[in-house]
Structure formats: structure tokens, C-alpha cells
Amino acid sequence: MTATVAIGTQPVALERDVRAASLVRSALGDMPLVLWRCDQGEIHVWEDNCPHRSVRLSAGRNLGDCLEDIYHGWRFGRDGALISIHAAKGKELPRISARVLPVATGSGLVWAGAGNQAVPPTDFAITAGEVVMRPLPFSVGAASVAAACAGLEGLRILVSPTGRTSATAYGFVRRRQAESDADAARRANATLSAARRKLEAAA
Amino acid sequence: MITLFDYALSGNCFKVRLLLNWLGLAHEVKPVDFYPGFEHRSDAFLTINPLGQLPVIEDDGEIIRDAQAILVHLAARYDPRGHWYPLDEPHRLGPIQTWLAFADALTATISAARQHDAMFFDLDIASARAGGHRLLRILDEHLWFAELEGHDWICPGDRPTVADIACFPYVALSEEGGISQADYPAVLRWVDRFTRLKGFQPMAGMLPLPLAGAAT
Ligand code: FES
């Protein structure tokens with residue numbers, strides 16, 4: 001049916017795939033992301049880069065109320081600000097902060113925005129009879145992915161750029177009569193995988 | 001008595017050590033200097049394993065080589081409950097065997113890429129990495145749909161099997177071979193679950209342990 005490239009605000013994960021006590025990796029264009037669900041159930045999306053020495057935060061730990069970097073153990077609270085340093089008990093903390101991105105949830109997806117807010121497009125919301133697909137990563141750019149996926153029957157796709165030559169396709173599939181949600185998701189995944197094989201072979 | 005011919009930084013040796021420890025089997029470790037000593041190519045070692053590969057075990061005078069074969073041997077012989085290799089449930093063995101072969105393909109790609117990056121082996125690194133990504137895509141898809149059906153492990157069942165042990169090390173170590181895991185969220189969740197198994201000890205190069213007892 002349709003496939004377009006997400007602009008400004010884009011899907012970065014499935015909501016149900018962001019679980020307590022763990023970390024999820026994703027990307028917003030060229031920016032690597034780390035996603036974590038805090039102990040209040042909220043999802044946080046940050047640049048996957050420690051403001052101390054640029055280690056990937058996603059190698060660290062989700063401690064529920066903060067994220068701990070693996071390298072020197074610095075901890076960053078829900079708002080991204082540094083809240084503790086192992087080696088500096090009692091000393092004043094430097095005022096640094098992880099880069100926090102605006103987040104929205106809707107249609108089973110986690111959305112992140114490049115600007116000041118995350119506003120999912122109104123024309124890309126799940127409707128009755130549709131099932132959320134398994135997100136599929138491509139190793140070609142978002143525009144080519146959208147072009148290749150536009151004609152796939154029963155699928156509505158939004159392509160998130162995850163780099164100059166990579167993108168992830170998110171979407172919904174219309175369930176057929178007497179088809180289970182899982183079967184619909186499998187069918188959509190097979191259709192999309194076939195399109196990916198063709199596109200990547202051509203690239 | 002079991003003797004393990006072992007190299008500490010080998011993922012294939014690591015998986016055997018894991019199962020030996022999980023089964024609580026007393027064993028002796030004979031270190032083989034794979035790198036930089038290349039002891040696996042020495043005459044002495046080639047008499048033990050003409051393929052020049054690690055790990056090898058000697059069990060009751062019998063030599064067993066090949067990591068996956070060793071896992072099957074140990075589980076079939078020393079796990080009377082049949083958790084790791086359910087001999088009493090023949091319908092589960094085919095799928096397990098399929099993933100043991102998949103683990104071999106992981107060795108041929110991800111382990112090769114890691115040997116190139118960490119031990120300067122001369123090989124086609126681009127094709128090793130591309131092969132690794134191809135396999136991680138397959139595993140990610142498999143695990144994503146397994147989760148959808150309520151399964152946590154590579155083969156359906158309440159507990160992990162030798163299939164999980166066999167696939168785990170080189171998946172967890174892939175970034176050491178320059179193969180990013182960022183595109184494989186279901187794989188990362190499975191790695192996370194595996195590292196939380198009671199008694200799991202990581203090897204050098206793997207991500208740190210998540211907090212013990214944390215909710216999944
Ligand atoms: S690099 Fe993150 S704490 Fe030092």
C-alpha cells in the first residue's frame with residue numbers, strides 16, 4: 001500500500017521491546033540512541049554517547065532510576081543529568097548531562113524527535129484490523145527502502161533513516177480474515193524480507 | 001576424569017567450560033597457547049586433534065573434538081534430567097541439531113572476523129562480517145517470533161538447551177569482530193536473558209553482567 005520516509009519525528013523501537021532493567025539500541029539518522037524504561041514505566045531516549053569520555057551508554061546498565069556507564073560508572077538520572085560518580089564521593093559533581101531526546105509513544109511504537117518535541121504523524125496511526133510488524137533493518141538508504149516498499153499489498157510502512165545508507169522499516173499489516181495476529185506479522189515479515197533481498201542485491 | 005584442552009579467549013572453549021560448570025563436572029584444564037603461540041598447530045596437539053582445532057576433551061580415555069559434539073556428549077551423558085539435550089523428546093532434537101550447525105556457521109564468520117581484528121589473522125574480513133550479519137538477521141527474526149509465541153530460548157521449551165550455549169559466545173562477542181549488534185534487538189534481549197542464567201560467568205570481551213535478580 002504505502003511507504004514513506006519519516007521526517008523530524010521517527011519510530012525508533014517497538015514499545016513492547018523496551019523492557020525494564022535492560023537497554024535498547026537504536027538510531028535517529030546518524031545519531032546512535034540508547035532507550036531505557038525506568039522504574040516508573042517511562043521510556044527515555046538518549047544519544048548513545050557518554051558525555052564523560054564518549055563511551056557507548058548502551059554498554060552500561062539500566063538501574064531503574066538512572067543509567068550507569070560501563071567505563072567509569074558515572075550515573076545519569078532520568079533527566080539525563082549526572083547524579084553520581086563512583087570515584088568522587090563527597091566532591092562536587094561536574095554539571096554534565098547525557099543528550100536527552102523528546103519521546104512519544106503511540107501505535108505500539110516509540111517515537112523520537114530530532115527537534116524540541118516528538119510528534120508522530122497523524123496519518124500513521126494503527127487502525128482496527130491492523131497488526132504492528134516486526135521492524136526490519138535495511139542496509140540501503142531510507143528513500144530507496146520507501147520506494148521499494150510502496151507497492152507491498154496490505155502493508156503501511158514508515159521508514160526511519162538510521163544512517164546515510166541504512167534504515168529500518170516500521171509498519172502495520174492488515175490482518176486477513178481468520179488470520180491470527182502472529183500469522184499476519186509473519187506474512188508481513190516475509191513480504192518485507194523478500195523486498196529487502198531484492199533491493200540489497202540490486203544495491 | 002575429564003580433561004579439557006582449552007584456550008581462554010576462544011568462544012568455542014568458553015561454551016564447553018560453561019556446560020562443564022553448569023553440570024558441576026570435575027575436570028582438568030590443559031591450556032593450549034592458540035595465540036600467539038599457535039600451539040594448536042604443533043605436532044603434539046595435532047596427534048590429539050588432526051584438525052588443529054580447539055576445544056577437545058578427553059573423557060575416560062576417549063577423545064572428543066568439535067565444540068558442538070562435546071556439548072552433546074556432555075549433556076547426553078551427564079545431565080540425567082535431560083534439560084540441555086532432551087534425549088527423551090526426539091521431536092526436539094532435530095531443531096536443536098539445526099541450531100548446533102548454525103553455531104558452526106557463526107564460528108566460520110563471526111569468530112573469523114574476531115580473529116582478524118584481535119589476532120591479526122589474514123582472511124577476507126568483509127565477507128566474514130557480511131556473513132556474520134546475515135546470520136544475526138536470521139537469528140534475530142527467529143527469536144523475535146519465538147518471543148511472540150512466548151518462548152525465551154532458541155528452541156521452544158521452558159529452559160535453554162545446548163543450542164543456546166552453542167550459539168551464545170560468538171553472538172555475544174560479535175562486536176570484537178567489528179560486527180555491530182545494534183540492528184538485532186531480539187538477539188540482544190536473548191543475550192541478556194542468557195547472561196542472567198544462574199551461575200553464568202562472562203568471558204573477557206563480553207558485555208558486563210546485568211544486575212543480578214533484576215526483572216526481565
Ligand atoms: S566514559 Fe562514561 S563514565 Fe567515563
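Under an unreviewed UniProt entry, chain B has the name Glutathione S-transferase and belongs to Amaricoccus macauensis.

As named in an unreviewed UniProt entry, chain A is Nitrite reductase/ring-hydroxylating ferredoxin subunit, taken from Amaricoccus macauensis.

### Here we look at the nonpolar core
All names here are of chain B. One finds L74 and W190 to be the most contacted residues of the largest nonpolar core, which totals 94 residues. Top element by residues in this core is helix α4 (residues 90-119). It accounts for 10 residues. In contact with L74, other than residues within four places in its own chain, are I2, V16, L19, L20, L23, L25, I57 and D79.

### Regarding the sheet that holds strand β3 (residues 23-28) of chain A
Residues and elements named next belong to chain A. With respect to topology, four strands assemble into an open sheet ordered β3-β4-β5-β10, the strand pairing being antiparallel. If you trace the sheet from one side to the other, it starts and ends with β3 and β10 (100-101), each paired once. Pairing analysis gives five bridges linking strand β4 (residues 31-37) to strand β5 (residues 43-47), with the strands arranged antiparallel. For V34, the partnering residue across the bridge sits in β5 and is W46.

### A short note on the UniProt feature "domain: GST N-terminal" (unreviewed entry) in chain B
UniProt tags residues 1-82 of chain B as "domain: GST N-terminal" (unreviewed entry). As a span, residues 1-82 of chain B carries 37% helix and 22% strand, and end to end its C-alpha atoms are 21 Å apart.

### Structural notes on the UniProt feature "coiled-coil region" (unreviewed entry) in chain A
Per the UniProt record, the feature "coiled-coil region" (unreviewed entry) sits at residues 175-202 of chain A. Helix makes up 79% of residues 175-202 of chain A and strand makes up 0%, while its end C-alpha atoms are separated by 30 Å.

### Details of the pattern of salt bridges
For the coordinates displayed, the defined rule picks out 25 salt bridges over all chains. Of the charged contacts in the structure, one is a salt bridge between R25 of chain A and E175 of chain B, with a shortest N-O distance of 2.8 Å. You can see R25 of chain A sitting in strand β3 and its partner E175 of chain B sitting in the loop between α6 (162-172) and α7 (185-195), one on each of two chains. Among the ionic pairs, R78 of chain A bridges to D39 of chain A, the shortest N-O distance being 2.4 Å. In this pair, R78 of chain A is assigned in the loop between β8 (75-77) and β9 (82-84) and D39 of chain A in the loop between β4 and β5, connecting sequence segments 39 residues apart. By relative accessible area, which is 27% here, R78 of chain A ends up partly exposed. According to the relative accessible area criterion, D39 of chain A is exposed, its value standing at 53%. One salt-bridge network, in which partners are shared between bridges, spans D17 and R19 of chain A together with E147, D152, R189 and R193 of chain B.

### Quick look at the sheet that holds strand β4 (residues 62-65) of chain B
The strands making up a sheet associate through hydrogen bonds between their backbones, and the pairing can be parallel or antiparallel. Residues and elements named next belong to chain B. The strand order across the open sheet formed by four strands is β2-β1-β3-β4, and the pairing between neighbours is mixed. At either margin of the open sheet sits one strand with a lone partner, and together these are β2 (27-31) and β4. Direction aside, the axes of adjacent strands within the sheet are offset by 20° on average. The pairing of strand β3 (residues 56-59) with β4 spans four bridges and is antiparallel. When the sheet's bridge partners are listed, E58 is paired in β4 with I63. On top of the sheet, helix α1 (residues 11-22) reaches β1 (2-6), β2 and β3; it is set at about 155° to β1, its chief contact. Those strands touched by helix α3 (residues 67-78) are β1, β3 and β4, and its axis lies near 30° from that of β3.

### Some remarks on the packing of α1 of chain B against α3 of chain B
All names here are of chain B. Across the interface, α1 lies against α3 with an axial gap of 9 Å and an inter-helix angle of 5°. Judged on the interaxial angle alone, α3 and α1 are roughly parallel. Taking contact as the criterion, the partners of N12, K15, V16, L19 and L20 in α1 are, on α3, A67, Q68, I70, L71, L74 and A75. Its residues assigned to classes, the contact of α1 with α3 shows eight nonpolar, two polar and one charged.

### Quick notes on unusual backbone geometry
In this chain, Y35 of chain B is followed by P36 of chain B through a cis amide linkage whose omega measures 5°. As for its position among the elements, P36 of chain B is in the loop between β2 and α2 (43-48). Of note, the amide linkage connecting L54 of chain B to P55 of chain B takes the cis form, showing an omega dihedral of 0°. Among the structural elements, P55 of chain B can be located in the loop between α2 and β3. A positive phi angle, close to 60°, is found at A21 of chain A, a residue other than glycine. Inspection of the secondary structure assignment puts A21 of chain A in the loop between β2 (9-14) and β3.

### Side note on the interface of chain B and chain A
A common measure of how large an interface is: the accessible area buried when the components associate. Contact residues are listed per partner, giving 25 residues for chain B and 26 residues for chain A. A combined buried area of about 2,200 Å² lies between chain B and chain A, and 51% of that area is made up of carbon and sulfur atoms. It is R137, W144 and F145 of chain B in chain B that bury the most area against chain A; as a group they hold 30% of the surface buried on that side. Across the contact surface, chain B and chain A share eight salt bridges. Between D140 of chain B and R134 of chain A there is a salt bridge, with its nearest N and O atoms 2.9 Å apart. Here chain B and chain A share nine residue pairs in polar contact (both at pLDDT 80 or more) between them. Elements that contribute at least two residues to the side of chain B that touches chain A include exactly α5 (125-148) and α7 of chain B. Sorting elements by how many residues they give to the side of chain B that touches chain A places α5 of chain B first, with seven residues. Looking at the side of chain B that touches chain A, its residues break down into 11 nonpolar, three polar and 11 charged.

Thresholds applied
- Residues numbered from 1 in each chain as written.
- Chains lettered and ligands numbered in written order.
- Predicted model: local features only at pLDDT ≥ 70, side-chain atom pairs only at ≥ 80, totals over all residues.
- Heavy atoms only, no water.
- Core = buried A, V, L, I, M, F, W, Y, C linked by side-chain atoms within 4.5 Å.
- Buried < 20%, exposed > 50% of the residue type's maximum accessible area, 1.4 Å probe, protein only.
- Helix = DSSP H or I, 4+ residues; strand = E, 2+ residues; numbered from the N terminus.
- Contact = heavy atoms within 4.5 Å.
- Pairing = 2+ DSSP bridges.
- UniProt positions renumbered as here; feature names shortened; annotations may be inferred.
- Salt bridge = Lys/Arg side-chain N within 4 Å of Asp/Glu carboxyl O.
- Axes fitted to C-alpha atoms, helices over the stretch in contact; angles between N-to-C directions.
- Parallel < 35°, antiparallel > 145°, perpendicular 65-115°, else oblique.
- Nonpolar A, V, L, I, M, F, W, Y, C, P; charged D, E, K, R; others polar.
- Buried area = accessible area lost by both parts, 1.4 Å probe.
- Polar contact = N/O pair within 3.5 Å; in protein donor to acceptor, adjacent residues only side chain to side chain.

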